[in-house]
Every structure is written in structure tokens, then in C-alpha cells.
Amino acid sequence: MRRYHRTMSIARRSLLFSLLVACGSGPVAPTDAGSDAPMIVDAASADVGLDAWPPPGPRFCGVCHRDEDCAPGALCLALAGGEHACGIGCGDDSACVDLSLDARCEIEADGLPTQCRPTSGSCVVSPPGSDCSVDACSGTYDRCIAFDSGEVCTTACLSNVDCPIGMRRCLPRAGGSFCAPDLVTGPEACAALVADHTLTSCASAACASGDCYGAGDADSLAICLPDADAPCEPMLAPSGASVCTPPDCACALEDPTTLFGTALYAIGRTACDLYFDSASVDCFGTVVLCDRYWLSFTDRICGYAPLVPRFGSDVARALDAAADSTHPVEDALAEAAMLADLDPVASHVSTESDLLRAIAGLVEAAGATPDLSAIAASISTLSPAAQMTLAPIFEATTVALHARERALARVDAPTRVEAFDLPSGMVLPGVGATGTIGQRAQGLLLGDVDMHELAQAAIDLAATVEAYALTSIAGESVELTIPTPAGVIALRGPGNDTYEAGFEAVLLLIDLGGNDTYRAPVGATASPENGVSLLIDLDGTDDYAYHEVPVASDVGPVGHRRLPSDGRGRAPSSASSGPSSYSTSARQGAGRLGIGMLFDLGMDDDHYRSLRMSQGYGALGVGVLFDDAGNDVYEGEAGVQGAASFGIGLLLDAYGDDHYTAYAFSQGFGYVRGVGVLHDGHGTDDFFSHPTDVLYWSPQAPGVAQSSFTQGAGFGRRDDSAAGVPMSGGLGVLRDQRGDDTYTTGIFGEGTGYWFGTGMLLDGAGADHYDGWWYVFGSAAHYAVALLQDDEGNDFYRVAESGDGYRNTSVGVGHDFSVGWLVDRAGDDHYHAPNLSLGSGNAGGYGFFVDLGGDDEYVATSTFSFGNASIESPGDELRQASGTIGMFVDRGGVDTYARPTIEPVASDTMWLQTLHTGEGESGVGVDAAAGRVGLGLD
């Protein structure tokens, strides 16, 4: 039994900013800045800001998203600005007199009951988060509740998803739970402490007591801090003394003599300037960024850019600790759940010892009647030890099946069909009908499907599987097959089995050995009725594939090998994009609207092939593929190998020289509210994402290069339309612990983010080779975060030369309010970089490049490199105000530089450069033989 604790780097912290105030009076929506990933438009929907489920006790003007959320006879009314709130049944206006605000009895539509509707067109009278110390609260947000930031107008809630932008935390208070204001983080939070006189500023005067930390000029964050004897959190100052400071004020303690400190001083900035304030992060007007979908850790790392590599290191350590433990899947799931804001608690391990009773219980839970005598006869060939080992797995599957039903308690059978396809279809063409993300769909995505319940159930199921010595019973003989409405239950012995007809939906399958062939969608939820699917294979060289139904467009260009179709065919080709698969079958560790897990516990070489939604894929669910050892091959096209959309997807491979192939949205990919992780432990591995066999359209290079989003990629749903539904991206992580590895991708990959997504490629030890095209190697676009971190080895980073202009924005670059980092900690490295590269910022973005040792070789094809900065569009007041920052730092070694204009870039030199004057651009580079780097990177 374990309890999971969130580390400081992934603490749930967000920025203080009210939706109605910010979106009503904040800056106008920014114009686009540069070429984008494909835009997903929802022009027909008007459901922005929708609450997923109502607070306790439906009432007039209570938040809702469907009629059933309101009182009997009441409807869920669509009001101004995408607001949805409960009406109340009425016969005439007299029934609306004593309500909380002016209302009139109106006809809604033919056949529907008349409703009291607010005459103003809105139930929001007191804006959420508004100060209620003077004025009373009314309307939807009619409760005055005290929080740390003061008394504010709010409403009751059941969970975070009930709460609006700016108040996205549901916290307990006297009388229930209520939506609480978001927390301000980073230097902005420190400045707020100065503003309310909690801390004393010394920017323009000396400290009355204590010492002054910070730059000490009128435009900087400079504060008076006492010594560590006071009640406080002591932190180490540049002098080596401990001083009292809130964690958000740590930037003021940065040593100005470090390489970063020197570089920041040269551009007139301090460490406390390296953040985006809440107005820049939360919302630009009512159109572009106002959404409730981002994961809470993003606020923290956007609130202070130097936290990005620290966050990456924390995630890498946590995943490595999981992989090296005796319960890797359980611990990795717990980490992913915390990153997804799902807050797991102590795991529960099932302990049933009677196999007959455990099997009968699972059969009953699955909606069938157990034949006890037949079951007893089938399992009689198993030893008592084997029966005692297997019984808890059956019991744990029963527990998971019940948990899945609790998670979907608010979702009726017809809606489950929609929910099964919805989150996958938002990314993958040809899955369901997802042209409009309307009222019901947002409810499903934001809380009707209880992902907390599903994540905890998956952790508990994994904990039970990993608690018992299953490999000790490999080779025992048994044969049991029980069809149920929730999927087949089966046990098989050590023969070389083939699973196809009759296994189209599997609830639980345990194979005790042999070289097996799987053509059925094992370890994957195959339908809304098949809510849990678990496969455990204990030994053998296994082939996981599918029934192939080839079509002509399966044949790609010479030198490229596409997987054969599976009966669904491929999309029509166009001038800009190729025939992407239309497969709708999930396989090999995929949880769609449920839990799907595949454990391969043998030491042999296995082969996994599937087109889409497979090999560790979660969509409104949890999907896991765990392979213990062997030189394995993973082949897929899209939504594979650690990918998630509104869920958790994990692929964990412990040992072996492995080969991974995909095209798009794979190999550590997180879409909205998704955490996708590919963790490979030890071995020389090849991660290949087809860059030029173009199946998925890219606006940067139509028909020339793939829109990849692979190998550590976070992707969001961009929707600039006035009535659209933008959705912030999720988290994608590729972590390779050790080995000489090769990475190949197209456009957007190898540590990349788009539209509030966060992507990280975290490589440990080994001499590695990185190859990509555009938005790669720790580069991001549009309010996103990207990190490529390599711990050691002589590495090669290449964005290949071309005369076609299809190489750009790579190697530690932040574009358009994004943060991009590349950190290489050791080795003699080679970098071949394109235009806009090597620690450069563009259009209000921050780009950081750091190499901490070795004799390095740098080749850049453009002067826009090596710590440069450009606003992109001169005169852009919004990006002038936020500033654009590019920083390049190389420490140690004898380095060589080449680019069209070399001066003043050179070894043992510092240089300043920008592309425009008077536009808030700050570009700086430092190459030093020695010295502390700073910003927590030493």
C-alpha cells in the first residue's frame, strides 16, 4: 500500500485572473504569429465556458449542461456568451417574482415547458471571483466565501471541473465545497507580496531591516529579506547565507555573477523577468484563449520559465524510479495521474485466494451466469499455487469493472457510443462524428466521465498484477473460455496459441506461455460495453498484430513501408496530404472509455503492429502496454506508443534494443487533458517517425513533410472562431533512460508543444542522434512549452539543409508566447541548425539553449540563431509589452561556430544581437570556459 505525493515541481498552482474581468476588458485577441499546425474549427458551437456538472442541489441559475442537471420540470437554458444555467418551470410571470434576479416566464420551444428566464439574458450578476467584502453576491455566483486572497463571490461545486476560468479549484469550506480563486505563481506572486506590503521593496530605497536582494533598480523586483532565524522557508542566497523567502521570490536570489546572470544583466533583465504574467497566459479577449482545459502544472512553469528544465528533471526521475521499482506500471500510472490532475491515493491490492470464487464473481459482474462445475473442471489442471496466484487478478478485474461503471454513472447507453469515439475523433480523422464540440460533448470531456475513478481503478488493477509472482507459474496447463457481455474471460497454457475469432472483445485473458499470435484486439476496450480489457502474457516470442485487408494506397513511396489496412481503408489523397488510415480498432494496451492493459512479462523478442489508437493509448480512459524485456519492434501509424486524449496512455519497455515506428500523434503524445508517456529503460533504441511519407498535412510544408507531433509532443485544439471552443493541450513525454539512441521526426517533434501543450524529450545516458525538420529539439509555438534535455553523451543534432525553405524554428526556440528549452548536460556535441534556432525567441516567445560541457561544433544556416530575438511583426504592441527573449549559453570546451555572418559569435565570448530596434527584443549569447551557469542548471 502506497500513498502518492506530488513533488513541488508539479504542485497544483495556477494564476489569479478572473474570466469575466480579463476577457471583458483585457487585451484584444492577438493576430496570428507565423505558420501553424492544423486548425480545428468549431464554428457551429457556442458553448465556451460550460460547466461540466452542477453543484449540489440544482437551483435557478445553477450551472448545468443538460436538462437532467436541473430540478424536475426545469430546463438547462442557453444564455448569453455561451453560458448555461438552470431555469425553472412556470405558468406565468408570477412564478418568477421571488427568484434571485429579474426573470420572465417564456416559451422555450414547441413541446417544452415554459421557463423562468433572466430578463438580462444572463444569470451572471456578480462576476466569479469579484470582491464581496462590500457588495453582496447574486446570480450564479451568489455565495460570499473567504479564501486566502480574501472574500469573493463564488458557487458550490463537486470538483474542479464545476468551476470557471480564474477559479478552477474546488476547495472545502464551511457549508460545503466552493470554487476558489486560482493561485498566482512565480515572480508575479512575489510582486503581489510587495504590492500588499507583505514584503518590502528595496528597488528605490534601502532596507530598514534585513538585506536587499534583486537588481535594486526602479524597474526590477528587489525585496528586503530577513535571515533564516525568522519563521520562514530558508533559501540560499548568492553570499552562501540562508535567508527567508517565499518560494515564488527565489528568482531574486539568483546569483548575478553566473553565466545566466551576466547574460541577463547585459540585456537589462533579471531572472525575475523570465515569466509570462497572468494576463498574457490566461486569456486574450473573449475569443482566443479562454478555456478551462489546461493542466495545472502549466501555470507554474509558464509563471517562471527556469522551472521548465527542473520540471523535466523531476518527471524523468519519477518515471525512472517507477521503471526501476518492482511495480513499474502502478508507479508510472500514479505519476501520470498526478500530472493529469487526477490525484491518486493509496493503491488497493486484491487478496482473493479462491480462484473458482474469483472467476465466478467476474462472470457475474460481466453480466453472465457462471457454470461453477465447468469452471472447476477447467482450472483443475492448475496447481494450488497457481490458483492462489491467479485469483487476485480475477478479483481485481471485477473491482475495476465496477469502478468503470461508477465512472460512467452519469452517461446513458446512447451517449456512451458518442463518448467512445469523441476524444479520438478530435485528433484522428475518420473516428466518429466530431465536427462540433457542443453542449453534451463538453460535459463528457469535462466531468461526466469521471477520470479520477478510472485512473484510480487502473492503478489498483496494475498494483494487483504486479504484487504477485506471475512468472513463477509460467508453463502450467489450463484452458478456460467464458464469453460474457463485457468481453471474453480466458486462461491458456504454454502452447503456441492464436487468438482471433471469438476474442473480438476481451475482458481478461491470461496466457501462461508459448509463442503466441494475437490477431484480436487484446488488452484494449473494443466497444462501449467492453469497459475493461486486461491481457497478461507470461512468456514466449509473441506477435501482436491484426487481420490485414490491404488496399492500393497502403503502398507508399520507394523506401517507405506503410502498414496494411485492416478493413477500414484509407483517406483519399490530396496535393498536401496523403492517405491516412481510417482504422477505428484499438489494440495492444488501449483504454477508450475504460481501462485497457497489456502486460508482456517474458524475456523474449516481441513484435507489435497496429494502425491507430494502440500500444499504450488512452482516450477518456487509461491505456497501458508494458513489455518486460527483449529486442522488441513497435509499429503503428497514429495515436500509438504512449499517446492520450482526455486520458492517460503509457508504453513502458524495460530492457532491450527496441525499434519504434510511427507517423503522427505518437511516441509520447498528449492531446487536451491527456498525458501520454513512452518510457524506455535500457538499450540502443531507434525512434522513427516518418518525416516525408506524408499522411498527415502540415501547413509549414504541405505535401512535403509530416505534421508529426511525436517523441514528446503536447498538442492543443486551436479554434479562433468567435463561437469556437479552444482547448489547451496536454502533456507528452518521451523518456529514454540509457543507450545510444536515434530519433527521427518531421514537423513538431522531439520535445515540442503547440497551443498550451507541453512536450518533453528527456534522454539520459548515451551518444544520441537527433534528426528533424521544424519545431523540433525543444521548440514550441503559441503559448506552449517545450523541452529537450540530454543528460550525457556525444550527441548529434541535425536539422538537415535544404534549398526549399522547409527547415525552421528549432533547437531551443519559443515562438508566440511560448517557452522552448534545449539543455545538453555533457559531451562533445554537434549542432546543425536552421533559421530561428539555438536559443532564440520570436513574437513574444522565450527561447533558451544551454550546453554544459564538451568540445562542441555549431553550424547555423542563418544569422537568426545563437541567442537572437525578433518580434516578427514590428509595431506589435502586445508583443512589445511582453518582450521577446533569446538566450544561448555554452560552458566549457573548445567550441567552433559557423554561420553566414560569424562575428561576434565565438568561443570564450559574449555577444548581443536582435533583428529590430525599439521592439522589446533581447538576444544574448555567452560562451565561457568555466563558471556557474545559474537558474538551477548547475
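Parameters at a glance
- Residues numbered from 1 in each chain as written.
- Predicted model: local features only at pLDDT ≥ 70, side-chain atom pairs only at ≥ 80, totals over all residues.
- Heavy atoms only, no water.
- Helix = DSSP H or I, 4+ residues; strand = E, 2+ residues; numbered from the N terminus.
- Rg over C-alpha atoms; globule rule 2.2 N^0.38 Å.
- Buried < 20%, exposed > 50% of the residue type's maximum accessible area, 1.4 Å probe, protein only.
- Contact = heavy atoms within 4.5 Å.
- Areas by Shrake-Rupley, 256 points an atom, 1.4 Å probe, with all protein chains shown as cover.
- Pairing = 2+ DSSP bridges.
- Axes fitted to C-alpha atoms, helices over the stretch in contact; angles between N-to-C directions.
- Polar contact = N/O pair within 3.5 Å; in protein donor to acceptor, adjacent residues only side chain to side chain.
- Disulfide = S-S within 2.5 Å.
- Expected span 1.5 Å × (residues − 1).
- Salt bridge = Lys/Arg side-chain N within 4 Å of Asp/Glu carboxyl O.
- Core = buried A, V, L, I, M, F, W, Y, C linked by side-chain atoms within 4.5 Å.
- pLDDT = per-residue confidence, 0-100.
- Phe/Tyr/Trp six-rings, centres within 6.5 Å; stacked < 30°, edge-to-face > 60°.
- Lys NZ or Arg CZ within 6 Å of the ring centre and 35° of its normal.
- Parallel < 35°, antiparallel > 145°, perpendicular 65-115°, else oblique.
- Nonpolar A, V, L, I, M, F, W, Y, C, P; charged D, E, K, R; others polar.

Along the backbone of the protein there are 14 helices and 58 strands. Its C-alpha radius of gyration of 28 Å places the protein within 12% of the 30 Å reference for a compact globule of 938 residues. Projected onto its principal axes, the C-alpha coordinates of the protein cover approximately 85 × 80 × 65 Å. Looking at the 938 residues of the protein, the share that counts as buried comes to 62%. Long-range contacts, defined as pairs at least 24 residues apart, comprise 73% of the intrachain contacts of the protein with a sequence gap of at least 6. Surface accessibility of the protein: about 30400 Å² in total, with carbon and sulfur atoms responsible for 54%.

Quick look at the environment of Leu171 now. Within the secondary structure, Leu171 sits in strand β7 (residues 169-173). Sequence separation between Leu171 and His547 is 376 residues, and the spatial gap between their C-alpha atoms is 50 Å. In contact with Leu171, not counting residues within four places along its chain, are Phe147, Gly176, Ser177, Phe178 and Ala180.

So, on to the sheet that holds strand β47 (residues 808-810). Sheet strands pair via backbone hydrogen bonds, and the direction of the pair is either parallel or antiparallel. Reading across from one edge, β35-β39-β43-β47 is the order of the four strands in this open sheet, with parallel pairing throughout. Single-partner strands in this sheet number two, and they are β35 (707-710) and β47. Averaged over all adjacent pairs, the angle separating strand axes in this sheet is 5°, with direction ignored. Taken together, the two bridges between strand β43 (residues 774-776) and β47 define a ladder with parallel strand orientation. Paired with Val776 across the strands is Ser810, a residue of β47.

Further remarks concern the side chain of Glu466. Summarising the element assignment, Glu466 is placed in helix α13 (residues 451-467). Engagement of the side chain of Glu466 in a polar contact is seen with the backbone nitrogen of Val329, the distance being 2.8 Å. Excluding anything up to four places from it in sequence, Glu466 contacts Thr326, His327, Pro328, Val329, Glu330 and Phe599.

What follows covers the state of the cysteines. Per the stated rule, a full pass over the model turns up twelve disulfides. Sulfur-sulfur distance for the disulfide between Cys232 and Cys244 comes to 2.1 Å. Between Cys232 and Cys244 the sulfur-sulfur dihedral comes to about -55°; the bridge is accordingly left-handed. Of this pair, Cys232 sits in the loop between β11 (223-225) and β12 (234-236) while Cys244 sits in strand β13 (residues 242-244), and the two are twelve residues apart along the sequence. Given a relative accessible area of 32%, Cys232 falls into the partly exposed group.

Before going further, it helps to examine helix α11 (residues 413-425). With 13 residues, α11 ought to run about 18 Å at 1.5 Å a step, and its terminal C-alpha atoms sit 19 Å apart, in line with that. For α11, the set of buried residues is Thr415, Arg416, Ala419, Phe420, Leu422, Pro423, Ser424 and Gly425.

On to unusual backbone geometry. Phi is mostly negative for residues that are not glycine, and the peptide bonds are mostly trans. The linkage connecting Glu903 with the following residue, Pro904, adopts the cis geometry, with an omega of -5°. Mapped onto the elements of the fold, Pro904 is located in the loop between β56 (896-898) and β57 (909-912). Notably, Gln588 is not glycine yet its phi reads approximately 55°, a positive angle. Relative to the helices and strands, Gln588 resides in the loop between β20 (543-544) and β21 (590-592). Gln588 sits in the buried class, given a relative accessible area of 1%.

Inspection of the secondary structure puts Ser577 in the loop between β20 and β21. Taking the C-alpha atoms as reference, Ser577 lies 5.9 Å from Val694; in sequence the two are 117 residues apart. Look past the residues within four positions of Ser577 in its chain and what remains in contact with it is Val694, Leu695, Tyr696 and Trp697.

Following the criterion strictly, the structure yields 28 salt bridges and no others. Where Arg717 meets Asp719, a salt bridge forms, and the shortest distance between an N and an O atom there is 3.4 Å. Exposure remark for Asp719: the relative accessible area of 0% places this residue in the buried category.

Strand order in this open sheet of ten strands is β21-β25-β29-β32-β36-β40-β44-β48-β51-β54, and the pairing throughout is parallel. What marks the edges here is a single partner per strand, and that holds for β21 and β54 (869-870). Both strand β32 (residues 669-670) and strand β36 (residues 713-715) contribute to a ladder of two bridges, which runs parallel. Each residue of the ladder has a partner; that of Gly670, found in β36, is Gly714.

What follows is about the pairing of strand β6 (residues 150-154). As judged from the five bridges shared by strand β5 (residues 143-147) and β6, these two strands associate in the antiparallel manner. The residue bridging Arg143 from the neighbouring strand is Thr154, located in β6. Taking the residues between adjacent antiparallel strands as the criterion, β5 and β6 are bridged by two residues.

On to the nonpolar core. If you look at the biggest cluster of nonpolar residues, it comprises 176 residues, and the most contacted ones within it are Leu333, Phe394 and Trp821. Apart from residues lying up to four places away in sequence, Leu333 is in contact with Ala458, Ile459, Ala462, Met597, Val622, Val624, Ile648 and Leu650. Residues Val522, Val811, Ala833 and Phe888 belong to the second largest nonpolar core, which totals 41 residues.

Before going further, it helps to examine the confidence of the model for the protein. For the protein, per-residue confidence averages 89 on the pLDDT scale, and 91% of positions sit at 70 or higher. This stretch, residues 38-54, has a pLDDT under 50; its non-local contacts, to residues over four places away or in other chains, come to 91 contacts. When the criterion is pLDDT under 50, residues 284-288 qualifies, and its contacts beyond four places in sequence or with other chains add up to 24 contacts.

Applying the stated criterion across every chain, the model contains 50 aromatic pairs. Judged by centre distance (5.7 Å) and plane angle (80°), the ring pair of Phe748 and Tyr754 falls under edge-to-face. Each member of the pair, Phe748 together with Tyr754, is buried. Ring centres of Tyr831 and Phe849 lie 5.0 Å apart, and the angle between their planes is 80°; on these two criteria the pair is classed as edge-to-face. Placement of Tyr831 in strand β50 (residues 830-833) and of Phe849 in strand β52 (residues 846-851) is noted, with a sequence separation of 18 residues between them. Neither Tyr831 nor Phe849 differs from the other in exposure class; each is buried. One residue, Arg807, lies across the ring of Trp773, its end atom 3.4 Å from the ring centre.

Here Arg570 lies in the loop between β20 and β21. A distance of 2.9 Å separates polar atoms of two side chains, one belonging to Arg570 and the other to Glu637.

Moving on to the environment of Gly778. With respect to the secondary-structure elements, Gly778 resides in the loop between β43 and β44 (779-781). Separated by 294 residues in the primary sequence, Gly778 and Thr484 have C-alpha atoms spaced 48 Å apart. The contacts of Gly778, once residues within four sequence positions are left out, are Glu750, Gly751, Ala786, Leu787, Leu788, Gly812, Val813, Gly820 and Trp821.

A few words now on the packing of helix α10 (residues 384-407) against α13. Angle between the axes and distance between the axes: these two values describe a pair of packed helices. Remark: α10 packs on α13, axes separated minimally by 9 Å, with the N-to-C direction vectors making an angle of 175°. Judged on the interaxial angle alone, α13 and α10 are roughly antiparallel. On the side of α10, the interface is formed by Pro392, Ile393, Ala396, Thr397, Ala400, Ala403, Arg404, Arg406 and Ala407, while α13 contributes Glu453, Leu454, Ala457, Leu461, Thr464 and Val465. Considered class by class, the residues forming the contact of α10 with α13 number ten nonpolar, two polar and three charged.

Contact geometry for helix α6 (residues 307-323) and helix α7 (residues 328-339): axes closest at 7 Å, N-to-C directions at 155°. On the basis of their axis angle, the class for α6 and α7 is roughly antiparallel. Of the residues in α7, those in contact with Phe311, Val315, Ala318, Leu319, Ala322 and Ala323 of α6 are Pro328, Asp331, Ala332, Glu335 and Leu339. In terms of residue class, the contact of α6 with α7 is made up of nine nonpolar, no polar and two charged.

Turning next to the pairing of strand β31 (residues 659-662). As defined by bridge partners, strand β27 (residues 633-635) adjoins β31 across three bridges and the pair is classed as parallel. Following the sheet pairing, Val633 is matched in β31 by His659. Sheet topology note: the β31/strand β34 (residues 686-689) ladder contains four bridges and is parallel. Its bridge partner lying in β34, Ala662 is registered against Ser689.

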